Amino acid sequence: MLRLLSFALLLATWWVAATIAGSAKLPPPSAVLAVAVAEAKSGALFLHLGATLARVALAFTLSMAIGSALGYWMGRSRLANRLGDPWLILLLNLPALVVIVLAYIWAGLTEVAAIAAIAINKLPTAVVTLREGARALDPSLDEMAKVFAFPRGRILRHVLLPQLAPYIAAAARSGLSLVWKIVLVAELLGRPNGIGFEIGVAFQLFDIPLLLAYSLSFAAVVLVIEAVLVQPFEQRASRWRLRAA
Amino acid sequence: MRLEVDIRSKSYTSANGKRQDVISGIAFTLERGELGVVVGPSGCGKSTMMRILAGLDNDYEGRVSQPEGARLAMVFQEPRLLPWRSVEENVRLAAPEVADDRLAAIFGVLELDAHRSHFPGELSLGLARRVALARAFAVEPDFLILDEPLASLDDALAARLRDEIATLVASRPMITLLVTHSMDDAARLGDRIFLLSSRPARLLRAMPISVPRGERSEETVAAIRADLARRDFSVS
């Protein structure tokens, strides 16, 4: 209820601002909605949304899988940490734009280049978060699992993953928001479809309703995914904790 | 099947760079079906020794011959339960083959029936210790290590659990090693009692108890305790 009220307040503010600024600079919500509906009817909106979501899903999965494995390894092995740390710091501080441009130059304006560039951008934050998680693992539980001869799979599922779950959730949360941002840049620079491409078109035409229609549809999808996937996972992973007051 | 222990020395380097000797000579053997009790002053290196016997620490001089293919179970000083798994899951994860009626019997004895679906964070320390005991019992081990399992339990419960340990030991031909600083536990449970010196730990004396566990009267227990106290004044 409170959320709805807050959302209504946002819409009202937009409406008032649109009236003051004039519809050339900031179109009212109704105009944007009309464009969004038109784009949806023609199918273009879903095509571009679908292309962007597919890239996000691939790049996110790829970077989470590799980043978690690397981070766990660096947290557990001193040698791996020493070897990997300089690379990690380099990647962490490399601007997303540099990675994307270089990827397009080296691998061409291809899908592989785009997805790899997005994944590389997200990778180091996943590594850093999971490394902290691996360092915080409880050695006394490792010993318990060893004494009772837990097989590997059982250790992973019942001893390690529950301890790493908050870190994985944090990496997923921050990583997803990073990927949402970077995917549009990658599309703007070198893809013939996707939300980022459409935003580029709208920018060149100074078509603000089109720009807002695509941006907001995209934001809506992000919100839904957060609410439907990320938050329930976090809640399930922490259900054994006593509730904070 | 027997356990042969010969730890000549164990030391580690502490955080400030000093070498600390923890064990300076412990050798004994335990046969199948025997219950050895290790008694020694607090901080003498008993837990270090148990970690070596459990195969958790291989950085020592000497030799420990574990029984071949023996199933190991251990009750640690702290319960060491998985906080994100329920009581029942904690036990079943360690002992996947345990039969339902066997598990029910163990939970019944330890009065854990009402807590099966609770998470360890919801239990008192005494209850969590009982879960750790249930886990070790459910494994049906060949070699059981109990590192002060009765500490911080009230006297009545400790006495009952002591009887349960005795029953379990009698029910299976296994090697059991109990660490305690309670002379009473040692006198009531032990087939052989090993007295350790203060740190670095040395085996002062291995005391066989001739009267079988089930036939010890209060007088016998008192006599053993008196004997223990006479042998070593440094142990309270």
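Calculation criteria
- Residues numbered from 1 in each chain as written.
- Chains lettered and ligands numbered in written order.
- Predicted model: local features only at pLDDT ≥ 70, side-chain atom pairs only at ≥ 80, totals over all residues.
- Helix = DSSP H or I, 4+ residues; strand = E, 2+ residues; numbered from the N terminus.
- Buried ≥ 20, exposed ≤ 12 C-beta atoms within 10 Å, placed from the backbone.
- Contact = placed C-beta atoms within 7 Å.
- Nonpolar A, V, L, I, M, F, W, Y, C, P; charged D, E, K, R; others polar.
- Domains from an automatic or database assignment.
- Axes fitted to C-alpha atoms, helices over the stretch in contact; angles between N-to-C directions.
- Parallel < 35°, antiparallel > 145°, perpendicular 65-115°, else oblique.
- Left-handed = near helix turned anticlockwise from the far one by under 90°.
- Core = buried A, V, L, I, M, F, W, Y, C linked by C-beta atoms within 7 Å.
- Pairing = 2+ DSSP bridges.
- Right-handed = clockwise from strand over helix to strand, strands pointing away.

1. Things to note about the overall build of chain B
Next up, step 1: For chain B, the helix and strand inventory stands at seven helices and ten strands.
Next up, step 2: Viewed in the frame of its principal axes, chain B has a C-alpha envelope of about 50 × 45 × 35 Å.
Next up, step 3: Classification of the 236 residues of chain B by burial places 41% in the buried group.
Next up, step 4: The contacts in chain B between residues at least 6 apart in sequence include a share of 74% that link residues at least 24 apart.

2. Considering the overall build of chain A
Next up, step 1: A tally of regular secondary structure across chain A gives ten helices and zero strands.
Next up, step 2: Secondary structure elements of chain A, listed N to C terminal, follow the sequence α-α-α-α-α-α-α-α-α-α.
Next up, step 3: For chain A, the spread of C-alpha atoms along the three principal axes comes to 70 × 50 × 30 Å.
Next up, step 4: Out of the 245 residues belonging to chain A, those deemed buried represent 33%.
Next up, step 5: Sequence separation of at least 24 residues holds for 72% of the intrachain contacts in chain A that already meet a minimum separation of 6.

3. Some details on the interface of chain A and chain B
Next up, step 1: Across the boundary between the two partners, chain A contributes 13 residues, which contact 17 residues of chain B.
Next up, step 2: Residue assignment for the side of chain A that touches chain B shows that the elements contributing at least two residues are helix H7 (139-147) and helix H8 (152-190) of chain A.
Next up, step 3: Ranked by residues supplied to the side of chain A that touches chain B, first place goes to H7 of chain A with six residues.
Next up, step 4: For the side of chain A that touches chain B, the class distribution of residues is eight nonpolar, two polar and three charged.

4. Points about the domain arrangement of chain B
Residue and element names in this part refer to chain B.
Next up, step 1: In terms of domains, chain B is made up of domain 1 (2-71 + 141-229) and domain 2 (82-140).
Next up, step 2: Here the C-alpha centre of domain 2 lies 24 Å away from the C-alpha centre of domain 1.
Next up, step 3: Counting residues per element, the side of domain 1 that touches domain 2 draws most heavily on helix H5 (residues 155-171), at four residues.
Next up, step 4: Split by residue class, the side of domain 1 that touches domain 2 holds seven nonpolar, one polar and three charged.

5. Considering the packing of helix H4 (residues 78-93) of chain A against helix H6 (residues 111-135) of chain A
Angle between the axes and distance between the axes: these two values describe a pair of packed helices.
Residues and elements named next belong to chain A.
Next up, step 1: Between H4 and H6, the shortest axis-to-axis distance is 9 Å and the interhelical angle comes to 130 degrees. One element, H4, and the other, H6, form an angle in the oblique class. Once H4 is placed against H6, the crossing between them reads as left-handed. From H4, Leu-88, Leu-91 and Leu-92 reach across to H6, where they touch Ile-120, Leu-123, Pro-124, Val-127 and Val-128.
Next up, step 2: When grouped by side-chain class, the residues that make up the contact of H4 with H6 number eight nonpolar, no polar and no charged.

6. Considerations on the environment of Leu-210 of chain A
Residues and elements named next belong to chain A.
Next up, step 1: Tracing the sequence through the fold places Leu-210 in helix H10 (residues 208-237).
Next up, step 2: Taking the C-beta count within 10 Å as the criterion, Leu-210 has 21 such neighbours and is therefore assigned buried.
Next up, step 3: It is 6.3 Å that separates the C-alpha atoms of Leu-210 and Val-35, two residues lying 175 residues apart in sequence.

7. A short note on the nonpolar core
Next up, step 1: In this structure, Val-37, Met-74, Ala-134 and Ala-136 of chain B are the most contacted members of the largest nonpolar core, which totals 74 residues.
Next up, step 2: Here this core takes nine residues from helix H4 (residues 125-138) of chain B, the largest share from any one element.
Next up, step 3: Per-domain counts for this core show at least three residues from each of domain 1 (2-71 + 141-229) and domain 2 (82-140) of chain B.
Next up, step 4: Other than its neighbours up to four places away in sequence, Val-37 of chain B contacts Leu-178, Thr-180, Ala-186, Leu-189, Gly-190, Ile-193 and Phe-194 of chain B.
Next up, step 5: The next biggest cluster of nonpolar side chains, apart from the first, holds 47 residues, and it includes Ile-182, Val-183, Ala-186 and Ala-213 of chain A.

8. A few points about the sheet that holds strand S7 (residues 143-147) of chain B
Residues and elements named next belong to chain B.
Next up, step 1: Taken in spatial order, the six strands line up as S6-S7-S8-S4-S9-S10 in an open sheet, and their pairing is mixed. Both edges of this open sheet fall to strand S6 (72-75) and strand S10 (203-208), since each of them pairs with a single strand only. Recorded for the sheet is a direction-independent mean angle of 15 degrees between the axes of neighbouring strands.
Next up, step 2: Taken together, the four bridges between strand S4 (residues 35-39) and strand S9 (residues 192-196) define a ladder with parallel strand orientation. Within S9, the residue paired with Val-38 across the bridge is Phe-194.
Next up, step 3: Against the sheet, helix H1 (residues 46-53) touches S4, S7, strand S8 (175-180) and S9, its axis set at about 160 degrees to S7.

9. As for unusual backbone geometry
Residue and element names in this part refer to chain B.
Next up, step 1: Following Arg-199, the chain continues into Pro-200 via a peptide bond in cis, with omega recorded as -5 degrees.
Next up, step 2: Here Pro-200 lies in the loop between S9 and S10.
Next up, step 3: For Glu-140, which is not glycine, the phi torsion reads 50 degrees and is therefore positive.
Next up, step 4: Considering the arrangement of structural elements, one finds Glu-140 in the loop between H4 and S7.
Next up, step 5: Since 17 C-beta atoms lie within 10 Å of it, Glu-140 is described here as partly exposed.

10. A short note on the pairing of S7 of chain B
Residues and elements named next belong to chain B.
Next up, step 1: Burial within S7 is extensive, with five of its five residues counted as buried.
Next up, step 2: On S7, burial covers both faces: Phe-143, Ile-145 and Asp-147 on one face and Leu-144 and Leu-146 on the other are all buried.
Next up, step 3: Relative to S7, S6 is paired through four bridges, and the arrangement is parallel. Residue pairing for S7: Val-75 is matched across the bridge by Leu-146.
Next up, step 4: Judged from the five bridges that link them, S7 and S8 form a sheet pairing that is parallel. Bridging from a neighbouring strand, Leu-144 pairs with Thr-176 of S8.
Next up, step 5: With H5 bridging S7 and the parallel S8, this β-α-β connection has right-handed handedness.

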